[in-house]
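# Descriptive structure summary
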Amino acid sequence: MRPLPELTPENTAFWTGGASGELMITFCETCSKAVHPPELVCPVCLRETMTARRVAGSGVIYTFTVNHQAWTPGMKVPFAIAVVDVDGAPGVRVTGEVVGCEPDAVHIGAKVQIGFTQAEDVWLPHWTLAP
């Protein structure tokens with residue numbers, strides 16, 4: 001099993017939004033800057049007006065890698081991990097495994113949709129290629 005993130009006040013919405021199928025990204029209520037990973041203070045205007053909002057849950061693969069090394073017992077390889085430019089959150093990229101296809105089907109520029117896998121009290125984001 002992969003290590004799980006620790007829930008904090010600033011990241012809980014992101015890691016638990018998958019329970020309702022929602023990708024939650026933090027935005028500054030003062031200047032509208034989208035911020036990921038989530039922060040308590042806006043890096044642009046330095047205000048403490050950060051709020052998590054639901055975004056579309058789609059995007060475009062910015063880059064990816066294919067892992068061939070089983071780092072933990074029972075880990076299935078190979079698998080692709082993609083960094084995705086998230087629609088509706090300019091400048092935000094979310095990393096997740098690409099599921100539902102062979103790793104060699106993954107490519108830069110591919111459109112993807114978010115999905116979630118529950119692991120204890122968090123929902124880990126993963127991506128599937130859009131039709």
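Rules of the game
- Residues numbered from 1 in each chain as written.
- Predicted model: local features only at pLDDT ≥ 70, side-chain atom pairs only at ≥ 80, totals over all residues.
- Heavy atoms only, no water.
- Helix = DSSP H or I, 4+ residues; strand = E, 2+ residues; numbered from the N terminus.
- Polar contact = N/O pair within 3.5 Å; in protein donor to acceptor, adjacent residues only side chain to side chain.
- Contact = heavy atoms within 4.5 Å.
- Phe/Tyr/Trp six-rings, centres within 6.5 Å; stacked < 30°, edge-to-face > 60°.
- Buried < 20%, exposed > 50% of the residue type's maximum accessible area, 1.4 Å probe, protein only.
- Lys NZ or Arg CZ within 6 Å of the ring centre and 35° of its normal.
- Pairing = 2+ DSSP bridges.
- Salt bridge = Lys/Arg side-chain N within 4 Å of Asp/Glu carboxyl O.

Note on placement: Asn67 falls in strand S4 (residues 58-67). Within the structure, Asn67 has its side chain in polar contact with the side chain of Trp71 (distance 3.2 Å). If near-sequence neighbours (up to four positions away) are discounted, Asn67 is found in contact with Met75, Val77, Pro78 and Phe79.

Turning next to the packing of aromatic side chains. All told, the structure shown has 1 aromatic pair when counted by the stated rule. Here Phe14 and Trp15 contribute two aromatic rings whose centre-to-centre distance is 4.8 Å and whose plane-to-plane angle is 80°, an arrangement assigned as edge-to-face. Like Phe14, the residue Trp15 is buried in the burial classification. Looking at Arg93, its charged tip hangs above the ring of Tyr62, at a distance of 3.3 Å from the centre.

Judged by pairing direction, the sheet is antiparallel, and its 3 strands sit side by side in the order S2-S1-S3 without closing on themselves. Either end of the sheet is taken by a strand with one partner, and the two such strands are strand S2 (34-35) and strand S3 (50-55). Where strand S1 (residues 23-28) and S2 come together, 2 bridges link them in antiparallel fashion. When the bridges of S2 are listed, Phe27 appears paired with Ala34.

Once that is clear, we can look at the pattern of salt bridges. In total, this model carries 3 salt bridges according to the counting rule given. Notably, a salt bridge pairs Glu29 with Arg53, separated by 3.4 Å at the nearest N-O pair. One end of the pair, Glu29, is in the loop between S1 and S2; the other, Arg53, is in strand S3, and 24 residues separate them in sequence. By relative accessible area, which is 44% here, Glu29 ends up partly exposed.

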